[in-house]
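# Coordinate inspection notes
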Amino acid sequence: MMNGPERPLFDVEEMEISFGPQHPATHGVLRLQMKLDGERIVEAKPIIGYLHRGTEKLFETMTFPACIPHTDRLDYVNAAHNNQGFCITMEKLLGISIPPRAAYIRMILAELQRLASHLVWLATHAVDIGAITPFFYTFRERDEILDLFEEYCGARLTLNTMKIGGLPFELPDGWLDRCAKFVDAFPSHIDEYETLLTTNRIWKKRTVGVGIISPEDAINMGLTGPPLRGSGVEWDIRKVFPYDRYDEVEFDVPTGTNCDTYDRYLVRIEEMHQSIRILRQCLEKLPEGPIMAKAPKVLRSPEGMVYGSVESPKGELGYFIVATEKGTTPYRCRVRPPSFVNLQALPQMVKGSLVADMMAVIGTLDIVLGEIDR
Amino acid sequence: MPEPILQLLLIPLIKIVVLLVVVLLIVAYLTYAERKILGYMQVRLGPNRVGPKGWLQPVADGLKLLVKEDLVPGGAEKLVFIIAPAIVMVPALVMFAVIPFGEPFKVAGMTVTPYLADINIALLFILGVSSLGVFGIILGGWSSNNKFSLMGGLRSAAQMVSYEIPMGFAIVSAVLMAGTLSMVGIVEAQRAAHIWFFIPGVLGFGIYWVCGVAETNRNPFDLPEAEAELVAGFHTEYSGMKFALFYLAEYANMMIVSAMAVVMFCGGWLPPFPNLLAGLWALPVLAWIPGVVWFLAKMSFFLFCYIWFRGTFPRYRFDQLMNVGWKWLFPLSLANVMLVALGVLLLKG
């Protein structure tokens, strides 16, 4: 490129290119309006809304329990945390405390779901960077997790398996053994993925130093989850505002140091190991007892506003519910989706890098459009 | 029938037909092999619906592509758009003319050579013809009137042009050792030297193979069709048989690169390690197996490597690819030529 006072020999024009919403690598219907100088990105602007379903407005027309199936469809690879977040917020509003057995089973489901979600992330991230084989390995294990879900509640993706005040079903016979078997086998599978990627020269070339975001910027933009922890900020809702019984289990919060795509990859891999650790403790400590708290048949809310959040695989998933006196529906329900907030870091992360880096960055942010557009 | 007509026309014609049929068949089944092998590497089955174990899958694919609507996008440069796939396909097939698949053998008192032509500048011919293919790719990318295609075409052109240089130098190292540009001559030189050239010329062999993979736009150098960024690269807008031509040409080029690796560095049709370690390796069995089988077996190994790479590696970024080409392979290949030349000078006097 020409710099300085001389006029370039040819008129150089930036190429405008519209990336998506129909594109194999934008993970759904994300559209990116890009200005390119050759292969270099001058500007990238995410345009969202292609999957808008008005979920928040729908909540206002539905009774509290009827909202839960709709939360499934926010982040559709991660239904358990969506359910959990809504139930926890409602329990906060109604002042219900759930029995310990229900809390532990919720944690088991949530951590299994975290593994499943991270596996989808790893699969798509690797495919975007050109490694096609990890996709099939991760989906093999994800299928086992989905089988466990199916056995428990009949659904594989949209679980709808938590109730305000506890859980709808007791665990089927032998489910815990099958879960324990999976938990025992899983770490060796993580090693398999790592063999293909972690020390691979090309993988490192494509991820180290790509999509850097400083801890200050990450905090200012409100990033949560692995994108924040990859920048070295130790922040995990499970640790700082423990919900269910996360204060009774031991686990570490992995953080990165270089703030790049590779560190976020390592953070997520380590999170899978930590999830396994939590699962082991939950299976061991799982108490006997009821799975539903005593809650009225028809839930009537007190007047008030409440915010509750969980650590979803993507980051902080929060629900803000405004309720009226003796109301049966939320007056207003706002969802704080982690993907939506994380996506806003994208323009800064890709500015000045190459088109190929864009794919690595979209992959590393792990966005789900269902949650962004709602 | 007078002898010259038989010699000059009929036999070459028969050979051309046989060669084309065989090459296209192998290419078709190479796609099947790729899907099957990748399938097994990725804990799945691969095609298994059409015919026993999916053996008829390539036929079904071919039929499907043939009867598909022949689409030309509205904004495309029509003539160029239609010609481009042919420009890619023809050189890929023409190169097979000089590949020696085996030793001359006698049938009914007539000597049959299992190659179409043994010209004394065969390697130069291949290098020249192979550079023509890039025109088809860049024209196809440009004429589609699609930004993704254009970027794919440009990437591809840049990549193929840059990697042709170190590849040429790697080939020169083999030529230095053999002292001839003829493909048959190179194999004969390896027979005379009692050694395959990849042992003394291991560096050149490595450079050649890396460049060969890059030349054919395969993983980890498959940037021109990087699905994640460029949808399908230069052939995004192509469908039906025109797409099939690009696809077949890619596989034909893979075969050419593998065949050349076999001829230049792995002893062509010779059985493993001729006369080397006499007694241990010169088993009569190995000599009984016809040269064509050895040739195809060695070629299959390289083709398998292609598929293996695809199952293993992520993809390089465009600037990294150029760095590898110009900053590493280019100087390395130059140094290699000097080394080999020195070696040849010292050993042969």
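I will try to describe carefully the structure that is included in this document. (Residues numbered from 1 in each chain as written. Chains lettered and ligands numbered in written order. Predicted model: local features only at pLDDT ≥ 70, side-chain atom pairs only at ≥ 80, totals over all residues. Heavy atoms only, no water.)

Moving on, we get to the overall build of chain A. When helices and strands are tallied, chain A shows 15 helices and six strands. By the compact-globule yardstick of 21 Å for 374 residues, chain A fits well, its C-alpha radius of gyration being 22 Å. If one aligns the C-alpha atoms of chain A with their principal axes, the spans along those axes are about 80 × 50 × 35 Å. Buried residues in chain A amount to 57% of all 374 residues. For chain A, long-range pairs separated by at least 24 residues make up 71% of all intrachain contacts whose partners lie at least 6 apart in sequence. Carbon and sulfur atoms make up 54% of the accessible area of chain A, which totals about 14,800 Å². Mean positive and mean negative side-chain charge positions of chain A (41 and 51 charges, respectively) differ by 4 Å. (Helix = DSSP H or I, 4+ residues; strand = E, 2+ residues; numbered from the N terminus. Rg over C-alpha atoms; globule rule 2.2 N^0.38 Å. Buried < 20%, exposed > 50% of the residue type's maximum accessible area, 1.4 Å probe, protein only. Contact = heavy atoms within 4.5 Å. Areas by Shrake-Rupley, 256 points an atom, 1.4 Å probe, with all protein chains shown as cover. Lys, Arg positive; Asp, Glu negative; His and termini not counted. Charge placed at Lys NZ, Arg CZ, Asp CG, Glu CD.)

So, on to the pattern of salt bridges. Between side chains of opposite charge, a pair can form when the charged atoms approach closely. All names here are of chain A. Following the criterion strictly, the structure yields 32 salt bridges over all chains and no others. When the shortest N-O distance is used, the salt bridge between Arg 178 and Glu 151 registers 2.3 Å. Taken together, the residues Arg 178 in helix 6 (residues 175-197) and Glu 151 in helix 5 (residues 133-153) connect sequence positions 27 residues apart. Ionic pairing is found between Asp 252 and Arg 277, a salt bridge with its closest N-O pair at 3.1 Å. Remark: Arg 277 occurs in helix 11 (residues 261-285) and Asp 252 occurs in the loop between helix 10 (237-240) and helix 11; sequence separation between them is 25 residues. (Salt bridge = Lys/Arg side-chain N within 4 Å of Asp/Glu carboxyl O.)

To continue, consider the packing of aromatic side chains. Residue and element names in this part refer to chain A. Across all of its chains, the model carries 32 aromatic pairs over all chains by this definition. Ring centres of Phe 59 and Phe 86 lie 5.9 Å apart, and the angle between their planes is 40°; on these two criteria the pair is classed as tilted. Here Phe 59, found in helix 1 (residues 55-59), pairs with Phe 86, found in helix 3 (residues 79-94); they are 27 residues apart in sequence, far enough to count as distant. The interplanar angle of 80° and the centroid separation of 6.0 Å between the aromatic rings of Tyr 152 and Phe 169 together place this pair among those described as edge-to-face. Taken together, the positions of Tyr 152 in helix 5 and Phe 169 in the loop between helix 5 and helix 6 put the pair 17 residues apart, joining distant regions of the chain. The exposure class of Tyr 152 is buried, given its relative accessible area of 5%. (Phe/Tyr/Trp six-rings, centres within 6.5 Å; stacked < 30°, edge-to-face > 60°.)

Below, the discussion takes up the interface of chain B and chain A. The partner chain A presents 31 residues to the 27 residues of chain B that form the contact. Summed over the shared surface of chain B and chain A, the result is one salt bridge. The shortest N-O distance in the salt bridge between Asp 357 of chain A and Arg 317 of chain B comes to 2.8 Å. Where chain B touches chain A, the interface holds seven residue pairs in polar contact (both at pLDDT 80 or more). Among the secondary structure elements, those contributing two or more residues to the side of chain B that touches chain A are helix 1 (3-41), helix 5 (147-178), helix 8 (227-230), helix 11 (291-312) and helix 12 (318-348) of chain B. Residues that form the side of chain B that touches chain A fall into these classes: 13 nonpolar, five polar and nine charged. (Polar contact = N/O pair within 3.5 Å; in protein donor to acceptor, adjacent residues only side chain to side chain. Nonpolar A, V, L, I, M, F, W, Y, C, P; charged D, E, K, R; others polar.)

With 17 residues, helix 3 (residues 78-94) of chain B extends 25 Å between its outermost C-alpha atoms, agreeing within 8% with the 24 Å of an ideal straight helix rising 1.5 Å per residue. When helix 3 of chain B is considered as a whole, its buried residues turn out to be Phe 81, Ala 84, Pro 85, Val 88, Met 89, Pro 91 and Ala 92 of chain B. (Expected span 1.5 Å × (residues − 1).)

Before going further, it helps to examine the sheet that holds strand 1 (residues 15-19) of chain A. One open sheet accounts for three strands, arranged 1-2-3 (chain A); its pairing is antiparallel. Edge positions in the open sheet fall to strand 1 and strand 3 (40-47) of chain A, since each of these has one partner strand only. This sheet shows a mean twist of 20° between the axes of neighbouring strands, independent of strand direction. Bridge count between strand 2 (residues 31-37) of chain A and strand 3 of chain A: seven bridges; the pairing is antiparallel. If you follow Lys 35 of chain A over to strand 3 of chain A, its bridge partner there is Glu 43 of chain A. Each of strand 1, strand 2 and strand 3 of chain A is contacted by helix 14 (residues 355-365) of chain A, which is oriented at about 150° to strand 2 of chain A, the strand it contacts most. Across the sheet, helix 5 of chain B is in contact with strand 1 and strand 2 of chain A; its angle to strand 1 of chain A comes to roughly 115°. (Pairing = 2+ DSSP bridges. Axes fitted to C-alpha atoms, helices over the stretch in contact; angles between N-to-C directions.)

Next up on the list: the packing of helix 4 (residues 100-128) of chain A against helix 14 of chain A. Residues and elements named next belong to chain A. Viewed as axis vectors pointing N to C, helix 4 and helix 14 meet at an angle of 180°, and their least axial separation amounts to 9 Å. The orientation of helix 4 relative to helix 14 falls into the category roughly antiparallel. Contacts from Trp 121, His 125 and Asp 128 of helix 4 reach helix 14 at Met 359, Ala 360, Gly 363 and Thr 364. Considered class by class, the residues forming the contact of helix 4 with helix 14 number three nonpolar, three polar and one charged. (Parallel < 35°, antiparallel > 145°, perpendicular 65-115°, else oblique.)

Right, let's get into the environment of Leu 317 of chain A. Residue and element names in this part refer to chain A. Within the secondary structure, Leu 317 sits in strand 5 (residues 315-323). Taking relative accessible area as the criterion, Leu 317 reaches 0% and is therefore assigned buried. In sequence terms Leu 317 and Thr 224 are 93 residues apart; their C-alpha atoms lie 9.1 Å from each other. The contact partners of Leu 317, leaving out residues within four places of it in the chain, are His 81, Asn 82, Gly 308, Ser 309, Val 310, Ser 312, Val 335, Arg 336, Pro 337, Pro 338 and Glu 371.

Further remarks concern the sheet that holds strand 4 (residues 304-312) of chain A. Residues and elements named next belong to chain A. The strand order 4-5-6 describes an open sheet built from three strands, whose pairing is antiparallel. Each edge of the sheet is formed by a strand with only one pairing partner; in this case those strands are strand 4 and strand 6 (332-336). The mean inter-strand angle of the sheet, taken between neighbouring strand axes irrespective of direction, is 15°. Across nine bridges, strand 4 lies against strand 5 in antiparallel orientation. In the sheet register, Met 305 faces strand 5, and the bridge partner there is Val 322.

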